[in-house]
2 protein chains.
Amino acid sequence: MTTSQTDLAALLNREEAERELFELLRIPSVSADPTHAEDMGRAAGFLRAKLESLGFTARVDATEHGGKAGHPVVYAERQDVPGKPTVLIYGHYDVQPEAPVEEWVSPPFEPTVREGRIYARGSTDDKGQAYAHVRGVELLLSQGELPVNVKFLLEGEEEVGSPSLAAYLGAHADELKADVILISDGSRFAPDVPTVTYGLRGLSYVEILVQGANRDLHSGAYGGAAPNPINALAEIICGLKDEQGRVTIPGFYDGVEDLTPEEREMWARLPHSDEEFAASIGASALPGEEGYSTLERLWARPTLDVNGIWGGYQGEGSKTVIAAKAGAKVSMRLVPGQDPERITRLVQEYVPTIAPQGVKVEVRALHGGQPVKVDLDSPYIKAADRALQRVYGRPAAFARTGGSIPIVADFRRLLGAPVLLVDFGLNEDAPHSPNESFALEDYHNGILTSAYLLQELGE
Amino acid sequence: MTTSQTDLAALLNREEAERELFELLRIPSVSADPTHAEDMGRAAGFLRAKLESLGFTARVDATEHGGKAGHPVVYAERQDVPGKPTVLIYGHYDVQPEAPVEEWVSPPFEPTVREGRIYARGSTDDKGQAYAHVRGVELLLSQGELPVNVKFLLEGEEEVGSPSLAAYLGAHADELKADVILISDGSRFAPDVPTVTYGLRGLSYVEILVQGANRDLHSGAYGGAAPNPINALAEIICGLKDEQGRVTIPGFYDGVEDLTPEEREMWARLPHSDEEFAASIGASALPGEEGYSTLERLWARPTLDVNGIWGGYQGEGSKTVIAAKAGAKVSMRLVPGQDPERITRLVQEYVPTIAPQGVKVEVRALHGGQPVKVDLDSPYIKAADRALQRVYGRPAAFARTGGSIPIVADFRRLLGAPVLLVDFGLNEDAPHSPNESFALEDYHNGILTSAYLLQELGE
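Residues numbered from 1 in each chain as written. Chains lettered and ligands numbered in written order. Predicted model: local features only at pLDDT ≥ 70, side-chain atom pairs only at ≥ 80, totals over all residues. Heavy atoms only, no water.

Chain A goes by Peptidase M20 dimerisation domain-containing protein in an unreviewed UniProt entry, where it is assigned to Deinococcus aetherius.

What follows is the structure in structure tokens.
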């Protein structure tokens, strides 16, 4: 009997897996807070030692960005099986700040189990999910050799935007070479739904600046003749979308991959209720592009949202001013087939054509990110499906997510390998919030999923 | 030979008139700055003493608003000629703060003459213009008795919004009774154009608040389905005006008094250049309601301007947030025939009907003011025209102004008398700015105009 036929569930050492994770969770590795610099080193050292104990060649690498020292990366590898695929497992050991600490029922860095859930900062994001892979590898090793070559890349700056990661990936591209990159740093679609995430939206984020007169003017003396940059900005924003919620920038939809009938059917079967979704955010309606369901709009359709706007008088009471300037932050979520640089250029070309008379406009590119989609027919996706079936006894849901994970695009760009997103957490774990938690069952299912998935990838 | 036939110009004591005004200008009566409380009292005392020396019954009255002490009012009267009209002259002895003081070429409270102009804070606004009336009365008294009954009301809070004035007017309504109220606290149309201002626009000022979800949302996770209050606010703002620059609120134009062909002709003859006007504010165009000239749009047409807007992320760089709330300050300048309360109600009724799905809107009334127009055929207007002809040797221009002067509506409402606006200053005097100035010639012409106008009003 090979390990691939073993029922690994029976072999789980739950107590030990929990004890070790709790030890890691007790280290307050808050990357945003300089007073925790020593804790960052402790958490990295803990992981290196653990991976070394599993026979990995492991080290803690210093990082830097723009001449500034970053938090260290833990890198480890076991290349035991030449000819078998190499799997790079990414995770992060840093956590969000714990504030507001008074809202925590139990201390954020003293993991506490209540009703089958581990309450602690980092329990789901991402210490718990990352450590599930460490224990998954350990589980396999307890049965024999690893079915694939495994590399771990565990960073300490994810919660502050991974500023050193791209440079690190670039500098270590050869060493990090892999056939597939495995990440568990998000949420499954719903409690009873094992999920493979196969798509992320991209992003084009711009700032629109509008200038009217060369100084603020009195709205009495000038109202009716002076250009008003706030009114002009509102017109520009209105001109970016039509009444059907479609973006009107010429060429915006060129190349957008249509949803396949199979995807639409698949998503229609997911347990989703518009009423519950709207209620969860306290909204009276869910406006958006006509002709698409909510999940389709969130996952597979590009959008345009104003993320910020300013101009003129924002204080109490009234001031009769016509501002000289106004501005807005506008972002477009992009989908496969769209290129952020091209979209940003289209916006920069279009906005001046719809600006009303008398104002000057400038569109500044602020940020971009490539959309990502993994082919549903890829062997990696199919391996993940089979692994999840073995753990959960039911087929996986293939979902996308509306957000962007910048590091995913970095991995694809700098390492050239496909990314496999298999999440163990849930939205209800409340990552980034007080009382972050991770269900014990989800942790142990994560360990099992990791082990089965590495087996499946080795087949 | 009666004084009305005298050439008063020959009788001007220019030196003395300047010396006295300079004395007043040296008192830093900055109403906004509590450290100048004593200076306020000194300025009031100076005026009371001067008016007493001219035979007026004069006093300094304490004021208050909302239980708080205000700056004093100087009140003085000479009721010498029963049966003749009573003229109430309004002015203010308080001045704007002098900041930024480093931009002044000569000290703000040390009046200095350069190229025929008095440079000092308050020189034009309003010490110089108000004191011209004091000296105008003195000029008449030097020739005999006053041709009308004269009351002076010189307040000390104009630059902070006249918070105590309405209460003072209400409490002294009987005493302040007058046939006409004379105010010189603004600017003539152009250097060579003696001007009577016969109309002011009114105001309806509201705040529009838009709420989407019950909290800020991640634009990745929610973009495409969550209501966006900033986009919604932009749509609302766009829905308030059409492409011809007309306000689309139903009923908005009901009752608006049309310009007469005579007014349009009269204003078309004024020395105005759109190019120069646009250049003066650094604007590349002067957008506005189609079918009207710039002056017509500024003086006689209602407008709608957004005075402030806010929502979401306004900092550096990018934040992918869909804000829960957004807001804007919106004001409408009103013209004769429009009532501020009715207009505010119309806006409050209309905005919710154009708000997109999924957001809640609230329209708060912040501020209102009645438009004012004096009948061009009134005897007071004609008297002013004759007085100005005697001083300047040319007919007066009859202009309106786009702004509102709240005290003017208060005077009409609380004292029931028509208001006559005859300004001696110019925009280029730069009231409220560093290096405020007043041409000596304009000061002395103001004194003459005051004297001739009181004569004309007595005829």
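**Q** Run through the overall build of chain A, naming residues and quoting values.
**A** A count of helical and extended segments in chain A gives 14 helices and 18 strands. Computed over its C-alpha atoms, the radius of gyration of chain A comes to 25 Å, within 12% of the 23 Å expected for a compact globule of 459 residues. In terms of overall dimensions, chain A has C-alpha extents of about 85 × 50 × 45 Å along its principal axes. With 459 residues in all, chain A has 59% of them scored as buried. Sequence-distant contacts in chain A: of pairs separated by 6 or more residues, those separated by 24 or more amount to 80%. For chain A, the exposed area adds up to about 17700 Å²; of that, 48% sits on carbon and sulfur atoms. (Helix = DSSP H or I, 4+ residues; strand = E, 2+ residues; numbered from the N terminus. Rg over C-alpha atoms; globule rule 2.2 N^0.38 Å. Buried < 20%, exposed > 50% of the residue type's maximum accessible area, 1.4 Å probe, protein only. Contact = heavy atoms within 4.5 Å. Areas by Shrake-Rupley, 256 points an atom, 1.4 Å probe, with all protein chains shown as cover.)

**Q** Please provide a residue-by-residue account of the UniProt feature "domain: Peptidase M20 dimerisation" (unreviewed entry) in chain A, values included.
**A** As annotated in UniProt, the feature "domain: Peptidase M20 dimerisation" (unreviewed entry) corresponds to residues 198-358 of chain A in the numbering used here. From the first C-alpha to the last, residues 198-358 of chain A spans 47 Å; its make-up is 32% helix and 23% strand. (UniProt positions renumbered as here; feature names shortened; annotations may be inferred.)

**Q** Describe the relation of the copies chain A and chain B, naming the residues involved and giving the relevant values.
**A** Overlaying chain A on chain B yields an RMSD of 0.2 Å, the required transformation being a rotation through 179° with an accompanying axial translation of 0.1 Å. Both copies of the chain, as the preceding transformation shows, are related through a two-fold rotation axis. Most of the interface of chain A is mirrored in chain B: 100% of its interface residues are interface residues there too. (Least-squares fit on C-alpha atoms with pLDDT ≥ 70 in both.)

**Q** An account of the environment of Asp-216 of chain B is needed here, citing residue identities and associated values.
**A** Residue and element names in this part refer to chain B. Following the sequence through the fold, Asp-216 ends up in the loop between strand 11 (202-211) and strand 12 (217-218). The exposure class assigned to Asp-216 is partly exposed, which follows from its relative accessible area of 48%. C-alpha of Asp-216 to C-alpha of Gly-312: the two residues are 96 residues apart in sequence and 8.2 Å apart in space. What Asp-216 contacts, discounting residues up to four positions off in sequence, is Val-321, Ile-322, Ala-323 and Ala-324. A polar contact is formed between the side chain of Asp-216 and the backbone nitrogen of Ala-324, at a distance of 2.9 Å. (Polar contact = N/O pair within 3.5 Å; in protein donor to acceptor, adjacent residues only side chain to side chain.)

**Q** Which residues make up the packing of helix 1 (residues 14-25) of chain B against helix 2 (residues 37-53) of chain B, and what values go with them?
**A** Residue and element names in this part refer to chain B. At their nearest, the axes of helix 1 and helix 2 sit 10 Å apart, and the two run at 155° to each other. Put simply, helix 1 runs roughly antiparallel to helix 2. Residue-level contacts link Glu-20, Glu-23 and Leu-24 of helix 1 to Ala-43, Phe-46, Leu-47 and Lys-50 of helix 2. (Axes fitted to C-alpha atoms, helices over the stretch in contact; angles between N-to-C directions. Parallel < 35°, antiparallel > 145°, perpendicular 65-115°, else oblique.)

**Q** Help me get a handle on the packing of aromatic side chains, residues and values and all.
**A** Scanning the entire structure with this criterion turns up 16 aromatic pairs over all chains. With a centroid separation of 5.0 Å and an interplanar angle of 90°, the aromatic rings of Trp-267 of chain A and Trp-299 of chain A are classed as edge-to-face. With a gap of 32 residues between them, Trp-267 of chain A in helix 8 (residues 261-268) and Trp-299 of chain A in helix 10 (residues 294-300) connect regions that are remote in the sequence. Assigned by exposure class, Trp-267 of chain A and Trp-299 of chain A land together as buried. Between Phe-438 of chain B and Tyr-443 of chain B, the aromatic rings sit 6.2 Å apart at their centres with planes inclined by 55°, giving tilted as the arrangement. (Phe/Tyr/Trp six-rings, centres within 6.5 Å; stacked < 30°, edge-to-face > 60°.)

**Q** Explain the pattern of salt bridges to me, using residue names and the numbers behind them.
**A** Taken as a whole, this structure holds 58 salt bridges over all chains when the rule is applied. A salt bridge links Arg-26 of chain A to Glu-110 of chain A; the nearest nitrogen and oxygen atoms lie 3.3 Å apart. Of this pair, Arg-26 of chain A sits in the loop between helix 1 (14-25) and helix 2 (37-53) while Glu-110 of chain A sits in the loop between strand 3 (86-92) and strand 4 (112-114), placing them 84 residues apart in sequence. Relative accessible area serves as the criterion here: at 39%, Arg-26 of chain A is assigned to the partly exposed category. Relative accessible area serves as the criterion here: at 35%, Glu-110 of chain A is assigned to the partly exposed category. Notably, a salt bridge pairs Lys-50 of chain B with Glu-138 of chain B, separated by 2.8 Å at the nearest N-O pair. Separated by 88 residues along the polypeptide, Lys-50 of chain B in helix 2 and Glu-138 of chain B in helix 3 (residues 127-141) bring together distant segments of the chain. Among the residues examined, Lys-50 of chain B registers a relative accessible area of 10% and is labelled buried. Look at the salt bridges and you will find they share partners, linking Glu-20, Lys-50, Arg-135 and Glu-138 of chain A into a network. (Salt bridge = Lys/Arg side-chain N within 4 Å of Asp/Glu carboxyl O.)

**Q** I'd like to hear about a negative patch on the surface, residue by residue, with values.
**A** Taken together, Asp-242, Glu-243 and Glu-290 of chain A together with Glu-235 of chain B make up a surface patch of like negative charges. Structurally, the position occupied by Glu-290 of chain A is in the loop between helix 9 (274-280) and helix 10. (Patch = residues over 30% accessible without salt bridge, like charges linked within 9 Å, V, L, I, M, F, W, Y side chains within 5 Å. Lys, Arg positive; Asp, Glu negative; His and termini not counted. Charge placed at Lys NZ, Arg CZ, Asp CG, Glu CD.)

**Q** Let's hear about the sheet that holds strand 13 (residues 303-312) of chain B: which residues, and what values?
**A** Within a sheet, each strand pairs with its neighbour through backbone hydrogen bonds, oriented either parallel or antiparallel. Judged by pairing direction, the sheet is antiparallel, and its eight strands sit side by side in the order 14(A)-9(A)-13(A)-11(A)-13(B)-15(B)-11(B)-16(B) without closing on themselves. Both edges of this open sheet fall to strand 14 (360-369) of chain A together with strand 16 (360-369) of chain B, since each of them pairs with a single strand only. Within this sheet the neighbouring strands show an average axis-to-axis angle of 25°, counted without direction. Bridge count between strand 9 (residues 202-211) of chain A and strand 14 of chain A: nine bridges; the pairing is antiparallel. (Pairing = 2+ DSSP bridges.)

**Q** Now, about the interface of chain A and chain B: what can you tell me, with residues and values included?
**A** Opposite the 70 residues of chain A that make contact, chain B presents 70 residues. Taking both sides of the interface into account, the surface hidden between chain A and chain B amounts to around 5100 Å²; carbon and sulfur atoms contribute 55%. Considering only the side of chain A, the residues that lose the most area to chain B are Ala-225, Ile-281 and Ile-309 of chain A, jointly responsible for 12% of the buried surface there. Seen at the junction of chain A and chain B, the total is zero salt bridges. Scanning the region where chain A abuts chain B turns up 35 residue pairs in polar contact (both at pLDDT 80 or more). In terms of residues, the side of chain A that touches chain B owes the most to one element, strand 11 (residues 303-312) of chain A, which gives ten residues. The residue inventory of the side of chain A that touches chain B, partitioned by class, reads 29 nonpolar, 30 polar and eleven charged. Two elements, strand 11 of chain A and strand 13 of chain B, share five bridges in a ladder whose sense is antiparallel. (Buried area = accessible area lost by both parts, 1.4 Å probe. Nonpolar A, V, L, I, M, F, W, Y, C, P; charged D, E, K, R; others polar.)

**Q** How would you summarise unusual backbone geometry if you had to cite specific residues and measurements?
**A** All names here are of chain A. A cis amide bond links Ala-99 to the next residue, Pro-100, at an omega of -5°. With respect to the helices and strands, Pro-100 occurs in the loop between strand 3 and strand 4. Despite not being glycine, Ala-430 has its phi angle at roughly 55°, a positive value. Checked against the element boundaries, Ala-430 lands in the loop between strand 17 (419-422) and strand 18 (437-439).

**Q** Give a detailed account of helix 2 of chain B, specifying residues and quantitative values.
**A** All names here are of chain B. With 17 residues, helix 2 ought to run about 24 Å at 1.5 Å a step, and its terminal C-alpha atoms sit 25 Å apart, in line with that. Buried residues belonging to helix 2 abut helix 1, strand 1 (57-61), strand 4 (73-78), helix 3 and strand 8 (149-155). In the segment just after helix 2, Gly-55 is the residue with positive phi, at about 90°. (Expected span 1.5 Å × (residues − 1).)

**Q** Which residues make up the domain arrangement of chain A, and what values do they have?
**A** All names here are of chain A. When cut into domains, chain A gives domain 1 (3-200 + 372-458) and domain 2 (202-256 + 302-369). Inter-centroid distance (C-alpha atoms) of domain 1 to domain 2 is 39 Å. On the side of domain 2, four residues touch domain 1, which itself brings seven residues to the contact. When domain 1 packs against domain 2, close to 390 Å² is buried across both sides, 50% of that on carbon and sulfur atoms. Here domain 1 is connected to domain 2 by zero salt bridges. Inspection of the region where domain 1 meets domain 2 yields one residue pair in polar contact (both at pLDDT 80 or more). In the side of domain 1 that touches domain 2, the residues fall into two nonpolar, three polar and two charged. (Domains from an automatic or database assignment.)

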